[in-house]
Amino acid sequence: MSRAGRWVREHLVLVLGLLVLAYTFVPIAIVVLMSFNAPASRNVYAFDGFTLDNWANPCADPGMCDALARSVQIGLLSTLLATVLGTLAAFALVRHDFAGRSASNLLVFLPMAAPEIVLGSSLLALFVATGFSGQLGFWTIFVAHVMFCLSFVVVAVRARLAGMDDHLEQAAMDLYATPVQTFRRVTFPLVFPGILGAALLSFSLSFDDFIITNLNAGTTTTFPMYVWGVAQRGVPMQVNVIGTVMFLVSVAIVVVGEVGNRRRLAART
Amino acid sequence: MSQVAETPTSPERPSAPARDGDHTAYDGLRLRQVTKEFAGGFTAVRSLDLDVPRGSFFALLGPSGCGKTTTLRMVAGLETPTSGTITLAGQDITYAKPYRRPVNTVFQSYALFPHLDIFENVAFGLRRRKEKDVDRRVREMLELVELSSQARKRPAQLSGGQQQRVALARALINQPEVLLLDEPLGALDLKLRRSMQIEVKRIQMEVGRTFVHVTHDQEEAMTMADTVAVMNGGVIEQMGAPAELYENPRSTFVANFLGQSNLIEGRVVQRAADVTSVDMHGIAVSVPTPRVHTDSDAGWVGIRPEKVLIGPPGEELDAPGNTIPGGVVSDVSFVGVSTQYLVRMPWGQELQVFSQNTGRTRMFSQGEQVELSWRPEYAFLLDRSQDAAAGAAERVGG
Amino acid sequence: MTSTAGVAPPLDVPGTGTGPTPGAPPEVPPETGRRRGKTGYLLLLPGALWLVLFFVVPFYSLVATSLYDPAGSDFRGYEMTWAVGNYVDALQEYWRPMLRSLWYGALATLFCLVLGYVLAYAIAFKAGRWKNLMLVLVVAPFFTSFLVRTLSWKLILADDGWVVNTLQFLQVLGEDGRLLATPVAVVAGLTYNFLPFMVLPLYASLDKIDPRLVEASSDLYAHPAVGFFKVTWPLSLPGVVSGTLLTFIPASGDYINAELLGSPNQRMVGGVIQSLFTDANDYPAAAALSMVLMVLIVVMVLLYVRRAGTEELL
């Protein structure tokens, strides 16, 4: 048997795993490729020629950039509120004992377990029943996004808090830190990475949501809704520019976080 | 268990200090009638009275669940007593917040702040109180615990022993009236533990502050502390200098938890001012009256295994003492510094005998007839209503 | 001995303030595990209120809507007539997309399990120091818009694309054979999009397994495959169960893949609900259909979890 053959045999599982991983990147490669595409016609979705035009004029279709800006706005606003509410709730669930604690845990769990279409239609049913069906738009989307992001924030922050040694806060109090100082100097810095991670997750969930948003958006268009719309009548290649940028930004965030970790580890001697 | 130097048994020192109510007169740590009940009705500490003199190295010794950690946490302010008072240098601190009392703790898990480096961990208390000279004082403290070169590392980068020293430095730098140590050596391996015991003792002598050390390891307590309080079931069984506790235990729990003891059924025949005569399975033995800790006539005659002498039948042993004939060696273990015998007595009990290998006595073998004897001043008499095996299972190590 | 309770001074009962100690004891012992008191409620209240208002109440509203008089409209208003017939009507008309959703969801979950297990296993046991990097790579593609990713599958599976051409060349597909607008494309899209929901719980579960157990099994069993099925697989079951649930629930509720990659013949129930709501404005039927989907999923999940014997997961 050849050396390469033996290597593949020994690392068969790893090779198969890497193949699966490569498979997940195929559509990303297409997105990046198509961002440089000069389409011959609007109706045929195929690579026809190389161009930088899409990158030079990302907002060639003003509708797309409006939708994009709206998605960013909704994402930031709903992330802000969901992170604050979710972090407070996580503190309550981990640090405090009260009647109804397990019911509250269930309340947090259920929105994550329910299919999106059910969450979306429930909210729409409520808006219709309360006479808001005419006012569907930015704020109803915001309300919906905070709702489904909240649970994810609670879960992420709760995990971080629960993993924290509660002797640390006792030690701070023992070392003359008042409750406020204890929170500012010990609790918050230790929980912060969890909160930050929760906020990033929340933003990406909000930014990417289509099913719930589409039901409750009225005539307002978010970026995923824009893509949905143009998918029927011809996709401007700038959509792929946005897709590529999203991929690069998320990779950059991960790399920055990882480098920070490595640097801390590298201090080890 | 090592041999303890012979000390004349001192007259009993009052371990329950006079309840004079004048707390301001006392400059140490004083607990009065402290009780802690947890939700669910479990009483961790009941009516505890305790005086810890200023500048002493005090150990609270007991098996897990005896209430020693709860006591420590009440002194630290991390638990509130259900009733009773705690005063420190005359000040009532019973309900003072933990950050408002001059007490610092070395936690069992060290509880070093993972997001701060060693320097900032040690500086934490000073910075909270806005003290001056933080830089110099932290550097001095790091020097004391020999960690100057590690100042800018994170806790996770240090070894267990180093982390332990950081925890110690972080607490000590605040110059607390009392330093509390909650089993701080529990996580270390045996060798490191022994060297840290010596290290902590050195630091205590150097800084001259009151240390209250909680541990379940009797050897650790005896090595480090100048006063040991043995706790069991939420109360203090006995308190005193390590040698005093070892030589003159007042309950079967202390007798077994602090080293090993032979406890033999006996009945008081006559009580005199200096000597009490006891009938032990038909053999008359005497116990110094100050070492009798029971009012009833039924008792346990106690004797430490290393105080028992072993010899062939009929041979005159040592000074005039209590001689018990008719033993048969049932087991011999040679452990180097000593030989440990199990001797079956005529009444069926097996007694332990540790014979120092001085070379002057020969070794006995299994099945041999022997006679045992001990000096009366080493024996003690305990109450028969107490369990003869109390504390034996909880003892750490041999 | 110190327990001389007989001569104890009057106990200082906390809260009575009659004891000899200055200062009242604090109501709550500080820092002992979970604190009681009102603060917990105050912290929880805003978040819980939001979830009650926009999750619990809407669900109630959905149930109510599903029982409204079907003759109503947004313009005329709806009347509660306890019209259970809505359910019968909805199912009669839409039982095909409903079953199709569950079937496609189950198929996608199965494919995710196979692919995800290989990947999670490789990361947990074979990746060595590349473990973290590989985990990052699993998640990274999924930060790109769901819809944009799905659109690129449309391109990959296109009729004159290289995938179809290759399959035609290999005679797997006929001359006019296509992938787009077939169940294959829809299930492939679902599998792709929900793969991380499978990989991450599987990895979490596999990573906890002590590799020495696997070594011990290879020491005790003749063949590694036997060791896998007797040791690794059973120990990874919690991850398998939560991974399949996390994949199945959103996959069967999804309609983006069906609409973008399939044809009307591959329509899934989510799409039906969506268009009943926004195009047909037939709210009672849409709500009823939504309820049926929810109930079917819950029933399937409960049956599955019971079979898997890991009820503590719920």
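Residues numbered from 1 in each chain as written. Chains lettered and ligands numbered in written order. Predicted model: local features only at pLDDT ≥ 70, side-chain atom pairs only at ≥ 80, totals over all residues.

### Brief notes about the overall build of chain B
Quick reminder of the rule: Put simply, DSSP H or I for four residues or longer makes a helix, DSSP E for two residues or longer makes a strand, and each gets a number counted from the N terminus. Exposure is read from a count of other C-beta atoms within 10 Å of each residue's own; the residue is exposed at 12 or fewer, buried at 20 or more and partly exposed in between. C-beta atoms are placed from the backbone. For every residue pair, C-beta atoms are placed from the backbone, and the pair is scored as a contact if these atoms sit within 7 Å.
Of the regular secondary structure elements, chain B holds eight helices and 20 strands. C-alpha atoms of chain B, sized along the principal axes, occupy 75 × 45 × 40 Å. The buried share among the 398 residues of chain B stands at 47%. Sequence-distant contacts in chain B: of pairs separated by 6 or more residues, those separated by 24 or more amount to 67%.

### What about the domain arrangement of chain B?
Definition in use: Source of the domain bounds: an automatic or database domain assignment.
Each assigned domain of chain B is listed with its residue range as follows: domain 1 (23–247) and domain 2 (260–383). Computed over C-alpha atoms, the centres of domain 1 of chain B and domain 2 of chain B are 40 Å apart.

### What about the interface of chain C and chain A?
Here is the rule we go by: Side-chain classes are defined by residue name, with Ala, Val, Leu, Ile, Met, Phe, Trp, Tyr, Cys and Pro counting as nonpolar, Asp, Glu, Lys and Arg as charged, and the others, Gly among them, as polar.
Each partner contributes residues to the interface: chain C has 71 residues there, and chain A has 72 residues. Of all the elements in the fold, those that place two or more residues in the side of chain C that touches chain A are α1 (39–66), α2 (85–126), α3 (131–139), α4 (146–156), α8 (224–253), α9 (256–261), α10 (269–278) and α11 (283–308) of chain C. Broken down by element, the side of chain C that touches chain A gets its largest block of residues, 19 residues, from α1 of chain C. Looking at side-chain class alone, the side of chain C that touches chain A contains 48 nonpolar, 15 polar and eight charged residues.

### Observations regarding the environment of Lys68 of chain B
Residue and element names in this part refer to chain B. Residue placement: Lys68 occurs in helix α1 (residues 68–76). Note: C-alpha distance between Lys68 and Gly233 (165 residues apart in sequence) is 9.5 Å. Setting aside residues no more than four positions away along its own chain, Lys68 makes contact with Leu60, Gly62, Val214 and Met231.

### Structural notes on the sheet that holds strand β1 (residues 29–37) of chain B
Residue and element names in this part refer to chain B. Heads up, the rule is: A pair of strands counts as paired when DSSP detects no fewer than two bridges linking them.
The strand order across the open sheet formed by four strands is β2-β1-β4-β5, and the pairing between neighbours is antiparallel. A single partner strand is all that each edge strand has here, and the edge strands are β2 (43–52) and β5 (91–92). Pairing analysis gives six bridges linking β1 to β2, with the strands arranged antiparallel. Its bridge partner lying in β2, Leu29 is registered against Val52.

### Structural notes on the sheet that holds strand β3 (residues 57–61) of chain B
Residues and elements named next belong to chain B. Rules: Note on definitions: angles span 0 to 180 degrees between N-to-C directions of axes, and those axes are lines fitted to C-alpha atoms, for helices only across the stretch in contact.
Strand order across the open sheet formed by six strands is β6-β7-β8-β3-β9-β10, with mixed pairing between neighbours. Among the strands making up the open sheet, the edge pair consists of β6 (103–106) and β10 (235–240). Here the average twist between neighbouring strands, direction ignored, is 20°. Relative to strand β7 (residues 178–182), α1 is tilted by about 145°, and along the sheet it contacts β3, β6, β7, β8 (210–215) and β9 (227–232).

### Structural notes on the packing of helix α2 (residues 12–34) of chain A against α2 of chain C
Quick note on the threshold: Here is the rule for angles: anything less than 35 degrees is roughly parallel, anything more than 145 is roughly antiparallel, 65 through 115 is roughly perpendicular, and the remaining ranges are oblique. The hand of a helix crossing depends on one turn: near helix anticlockwise from the far one by less than a right angle means left-handed, and clockwise means right-handed.
It is at 8 Å that the axes of α2 of chain A and α2 of chain C come closest, and there the two elements cross at 125°. The angle between α2 of chain A and α2 of chain C places the two elements in the oblique class. Classified by chirality, the crossing of α2 of chain C by α2 of chain A is left-handed. Of the residues in α2 of chain C, those in contact with Val13, Leu14, Leu16, Gly17, Val20 and Leu21 of chain A of α2 of chain A are Leu115, Val118, Leu119, Tyr121, Ala122, Ile123 and Lys126 of chain C. The residue makeup of the contact of α2 of chain A with α2 of chain C, split by class, is eleven nonpolar, one polar and one charged.

### Focus: α10 of chain C
Counting buried positions over the ten residues of α10 of chain C gives eight, a clear majority of the element. For α10 of chain C, the full list of buried residues reads Val269, Gly270, Gly271, Val272, Ile273, Gln274, Leu276 and Phe277 of chain C. On its buried face, α10 of chain C is in contact with α6 (116–129) and α10 (211–216) of chain A together with α2, α8, α9 and α11 of chain C.

### As for the confidence of the model for chain B
Spelled out, the test is: pLDDT: the predictor's confidence for each residue, scored from 0 to 100.
Within chain B, residue pLDDT values average 87, and 92% of them lie at 70 or more. Under a pLDDT of 50 for its full length, residues 1–21 of chain B has, in the predicted model, 25 contacts with residues more than four places off or in other chains.

### Details of the packing of α1 of chain C against α11 of chain C
All names here are of chain C. Here α1 crosses α11 at 120°, and the two axes come no closer than 7 Å. If you check the angle between α1 and α11, you find them oblique. Read as a crossing pair, α1 and α11 show a hand that is left-handed. Counting all contacts with α1, which are made through Leu62, Val63, Thr65 and Ser66, the residues of α11 involved are Tyr283, Pro284, Ala287, Ala288, Ser290 and Met291.

### Focus: the environment of Gly163 of chain A
Residues and elements named next belong to chain A. Looking at the secondary structure, you find Gly163 in the loop between α7 (138–162) and α8 (167–174). The exposure class of Gly163 is exposed, given the 11 C-beta atoms found within 10 Å. Sequence separation between Gly163 and Thr182 is 19 residues; the distance between their C-alpha atoms is 17 Å.

### Focus on helix α6 (residues 183–207) of chain C
Residues and elements named next belong to chain C. Note the threshold: The length a helix should cover is 1.5 Å for every residue beyond the first. Two axes enter the bend calculation: one fitted to the seven residues ending at the residue in question, the other to the seven starting there, and the bend is the angle between them.
Its 25 residues place the ends of α6 35 Å apart at the C-alpha level, agreeing with the 36 Å of an ideal helix rising 1.5 Å per residue. The largest bend along α6 reaches roughly 50° and is located at Phe194, with the proline Pro196 sitting one to four residues downstream. With 20 of 25 residues buried, α6 lies mostly within the body of the structure.

### Concerning the nonpolar core
Nonpolar side chains in soluble globular proteins tend to be buried together. As a reminder, the rule being used: When buried Ala, Val, Leu, Ile, Met, Phe, Trp, Tyr and Cys residues are joined through C-beta atoms within 7 Å, the set is termed a nonpolar core.
Core analysis: the largest hydrophobic core is formed by 149 residues, its most contacted members being Ala89, Leu150 and Val157 of chain A together with Leu119, Ala120 and Leu289 of chain C. A per-element tally of this core places α2 of chain C first, with 15 residues. Not counting chain neighbours up to four residues away, the residues in contact with Ala89 of chain A comprise Val154 of chain A together with Leu43, Leu44, Gly47 and Ala48 of chain C. Judged by nonpolar contacts, the second largest core, of 110 residues, contains Phe119, Met222, Leu263 and Phe380 of chain B.

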